[in-house]
Amino acid sequence: MTILCYHAVQPDWESPMAMEPQAFAEHAEWLVRRTTVVPLQSAVRTVGRDGRLPRGTTALTFDDGFAGLHAHLTPVLSRLGIPATVFLVAETLTDAGRAVDWVDTPPPYPLATLTLDQVRDMQAAGVHFESHSYSHLDLTQLSFQECVDDLTRSRELLESLLGHPVRLLAYPRGRHDASVRAAAERAGYSHAFTLPETREAPGPFAIPRVGIHRGNGVAHLRVKTARPYLGVRTSRGYRAAQHAVWTVRGARR
Ligand SMILES: [Zn+2]
């Protein structure tokens, strides 16, 4: 199984993090034709102790909950009838809000995140939501207790707003270590997702995803969905293809 990690889908933000809507629609159409797209929350129930998921399926995930998803993601998912999971920064849904200050390549205007009304609208259309922490901090820089507190706060707020258990976590920027993984488990999560760029051991609290960036066409997608887990031996031919395609980097957030 390949878990794809996107961020924004919006036309007016030139960043590795933001897919053009038309390019995303082409990805989704290709995925429907060539793979079985499954809901992440049910796929993880089959995860092994080694963090591996069944072969031949794909799940779509979106980090950060940018507002453009409401207009540019939901209609595509509805038209094609495919599931997706959006990982929300819980603090963005509080009355005080949370400005988006964690992006390395911001546009010249403030980035908006989904409002609660938009989240509910998307839920009604079948989009699933889980946790991307409370404040999008680098969890590896927090103490164990600070990390447990941030992740618990996110889970509890999101559960009250979404009306379902929140058990899945995408680490901000994919960053984690043994203390962060233990904190995620202590905070009540069942599985957590990373964005590995180097070899790292998979497990239920380190399930790898593959980042998809602006400029990645269907050819990139073909290679990335064929990509086995990092840390798993790959064929020489595959490695050559990966080397040719992995030219767009740096959107690890
Ligand atoms: Zn993020």
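Residues numbered from 1 in each chain as written. Predicted model: local features only at pLDDT ≥ 70, side-chain atom pairs only at ≥ 80, totals over all residues. Heavy atoms only, no water.

What exactly am I supposed to notice about helix α6 (residues 144–162) here?
In an α-helix, one turn spans 3.6 residues; hence positions three or four apart end up facing the same way. With 19 residues, α6 ought to run about 27 Å at 1.5 Å a step, and its terminal C-alpha atoms sit 27 Å apart, in line with that. When we look at burial in α6, the residues that qualify are C147, V148, D150, L151, T152, S154, R155, L158, L161 and L162. Where the residues of α6 are buried, they touch β6 (85–88), α5 (116–124), β7 (128–131), β8 (168–170) and α7 (178–186). Just beyond α6, the residue with positive phi is G163, at close to 80°. (Helix = DSSP H or I, 4+ residues; strand = E, 2+ residues; numbered from the N terminus. Expected span 1.5 Å × (residues − 1). Buried < 20%, exposed > 50% of the residue type's maximum accessible area, 1.4 Å probe, protein only. Contact = heavy atoms within 4.5 Å.)

Even after reading the chapter, I still don't get the pairing of strand β9 (residues 191–194), so can you show me in this structure?
Along a regular strand, successive side chains alternate from one face of the sheet to the other. Taking every second residue as pointing to the same face, both faces of β9 are buried, with H191 and F193 on one and A192 and T194 on the other. Pairing of β8 with β9 involves three bridges; the strand directions are parallel. What sits directly across from A170, in β9, is F193. In this sheet, strand β10 (residues 207–208) lies alongside β9 in parallel orientation, the contact comprising two bridges. Paired with T194 across the bridge in β10 is P208. (Pairing = 2+ DSSP bridges.)

I would appreciate a short explanation of the nonpolar core in the present structure.
If you look at soluble globular proteins, the nonpolar side chains tend to sit buried side by side. Among the nonpolar cores identified, the biggest contains 48 residues, and Y6, F24, L60, F62 and F129 are the most heavily contacted of them. For this core, the secondary-structure elements that each account for two or more residues are β1 (2–6), α1 (21–34), β5 (57–63), α4 (74–80), β6, α5, α6 and α7. Here the element with the most residues in this core is α6; it accounts for six residues. With sequence-adjacent residues up to four places away left out, F129 is seen in contact with V86, L88, L114, V119, M122, Q123, L162 and H164. Counting residues in hydrophobic clusters, the runner-up holds 13 residues, among them L40, V47, A59 and A170. (Core = buried A, V, L, I, M, F, W, Y, C linked by side-chain atoms within 4.5 Å.)

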